[in-house]
2 protein chains.
Amino acid sequence: MLNKPDDPLDHVTRNGLAQAAGTNIETIRYYEKIGLMPEPRRAENGYRLYGQDAHRRLKFILRGRELGFTIEELKGLLSLVDGGDYSCGQVHAMTVEHLGNIRAKIGDLMRLEQTLADMSTQCEGGEVPDCPIIDKLFANIEIGSG
Amino acid sequence: MLNKPDDPLDHVTRNGLAQAAGTNIETIRYYEKIGLMPEPRRAENGYRLYGQDAHRRLKFILRGRELGFTIEELKGLLSLVDGGDYSCGQVHAMTVEHLGNIRAKIGDLMRLEQTLADMSTQCEGGEVPDCPIIDKLFANIEIGSG
DNA sequence: CTTGAGCCTGTAGGGACTACAGACCCTACC
DNA sequence: GGTAGGGTCTGTAGTCCCTACAGGCTCAAG
């Protein structure tokens, strides 16, 4: 263990961060390489040291990827946080743009949820060989904003 | 144009399908290669011919990818439709499994939506140089099932 | 002071596309 | 009929987002 108990918790190693966030060391390396995660400070021996900020940011990124956001979209969202030189007006415009995207996703997922829930309840426990409910998957879901 | 007006609409070319679904020809080719889309029938000249089924399936896949489902997950969902030799009990189990995943996504997206909506309204039109609302993005979102 | 685990860097591989290249086909215009 | 242009075909190579491996440095323990 490198961590000393009197430090302000900003001393987790790369692997520690990876485990805490539920990913692996290589992914963190990649995100740092492309600038999605910032370069952390280093200990005297050259080891990277991460804190609570990095942990939250990384979890946000990982979950964002699972939710289908691209790296570029996440950069956009995180730029709101990194808070460079945006005016509040710009922030407003950016958030509104993201909101449309997010609400569409929620809508589609809820339709998918509904269809699967219907399938599940109607099939409940049964052993019907040629389950006609399956047709609903495409009948109900005219998915998306197209 | 290859389409003849008296055919039953099952005669769209690959590019036609791509445009209708909002993607490109190469992606369709790839999905056929890995078996996510079926091999379509061919015209006498060897050209592929697609119909309404292919269109719906492709849109489902594309949107599914945007929603963060992996190819394997989509194969699982579509296997419900391709309806091989599943019992209704198996279908039930599979749908229930997917439902958990989908509901978690909905929950996270709604939290993200709420945060962004808050940012948007509070920033509305303003020109505040150092918008403190930005902190909320990480304050509110303890995202995910981790 | 060696052993072994963890960190460092660089590079190569895999999944999901994306782009390019050369040949075939088909309509249009001459 | 011929040919120019575009669309389709197949194959292969490249890109993006990671993931895995290789060789060397660092550190705590025995």
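Everything below is about the structure shown above.
Here's a quick rundown of the structure. (Residues numbered from 1 in each chain as written. Chains lettered and ligands numbered in written order. Predicted model: local features only at pLDDT ≥ 70, side-chain atom pairs only at ≥ 80, totals over all residues. Heavy atoms only, no water.)

**Considerations on the protein's contact with DNA strand C**
Step number 1: Taken together, 18 residues surround DNA strand C, and among them A:Thr13, A:Asn15, A:Arg29, A:Arg48 and B:Arg65 come closest.
Step number 2: Here the atoms of DNA strand C within 4 Å of the protein split so that 68% fall in sugar or phosphate, with bases taking the remainder.
Step number 3: At 2.8 Å, a side-chain N or O of B:Arg65 approaches a phosphate oxygen of DNA strand C.
Step number 4: Among the secondary structure elements, those contributing two or more residues to the surface near DNA strand C are α1 (14-21) of chain A together with α2 (25-33) of chain B.
Step number 5: Considering each element in turn, the surface near DNA strand C owes the most residues, five residues, to α2(B).
Step number 6: Counted by class, the surface near DNA strand C contains five nonpolar, six polar and seven charged residues. (Near = heavy atom within 4 Å. Polar contact = N/O pair within 3.5 Å; in protein donor to acceptor, adjacent residues only side chain to side chain. Helix = DSSP H or I, 4+ residues; strand = E, 2+ residues; numbered from the N terminus. Nonpolar A, V, L, I, M, F, W, Y, C, P; charged D, E, K, R; others polar.)

**A few points about the pattern of salt bridges**
Step number 1: Taken as a whole and judged by the stated rule, the model has 20 salt bridges over all chains.
Step number 2: One salt bridge in this structure joins A:Asp53 and A:Arg56, with 3.9 Å as the shortest N-O distance. Of this pair, A:Asp53 and A:Arg56 both sit in helix α3 (residues 52-66), three residues apart, roughly one helical turn.
Step number 3: The closest approach of N and O atoms between B:Glu72 and B:Lys75, which form a salt bridge, is 3.7 Å. With B:Glu72 and B:Lys75 both in helix α4 (residues 71-82), this residue pair falls three residues apart, about one helical turn.
Step number 4: In this structure B:Glu72 comes out as exposed when scored by relative accessible area, which is 54%.
Step number 5: By relative accessible area, which is 30% here, B:Lys75 ends up partly exposed.
Step number 6: When salt bridges with common partners are traced through the structure, they connect A:Arg63, A:Glu66, B:Asp108 and B:Arg111 into a single cluster. (Salt bridge = Lys/Arg side-chain N within 4 Å of Asp/Glu carboxyl O. Buried < 20%, exposed > 50% of the residue type's maximum accessible area, 1.4 Å probe, protein only.)

**Thoughts on the protein's contact with DNA strand D**
Step number 1: Around DNA strand D, 18 residues are found, and the nearest of them are A:Thr27, A:Arg65, B:Thr13, B:Arg29 and B:Arg48.
Step number 2: A breakdown of the atoms of DNA strand D within 4 Å of the protein gives sugar and phosphate a share of 67%.
Step number 3: A:Tyr31 places a side-chain nitrogen or oxygen 3.1 Å from a phosphate oxygen of DNA strand D.
Step number 4: Elements with a minimum of two residues in the surface near DNA strand D: α2 (25-33) of chain A together with α1 (14-21) of chain B.
Step number 5: A per-element tally of the surface near DNA strand D places α2(A) first, with five residues.
Step number 6: In terms of residue class, the surface near DNA strand D is built from five nonpolar, six polar and seven charged.

**With respect to the packing of α1(B) against α2(B)**
Residues and elements named next belong to chain B.
Step number 1: Running from N to C, α1 and α2 point in directions that differ by 105 degrees, and their axes come no closer than 8 Å. Put simply, α1 runs roughly perpendicular to α2. Of α2, the residues touching α1 (which contributes Arg14, Asn15, Leu17 and Ala18) are Ile25, Ile28, Arg29 and Glu32.
Step number 2: Looking at the contact of α1 with α2, its residues break down into four nonpolar, one polar and three charged. (Axes fitted to C-alpha atoms, helices over the stretch in contact; angles between N-to-C directions. Parallel < 35°, antiparallel > 145°, perpendicular 65-115°, else oblique. Contact = heavy atoms within 4.5 Å.)

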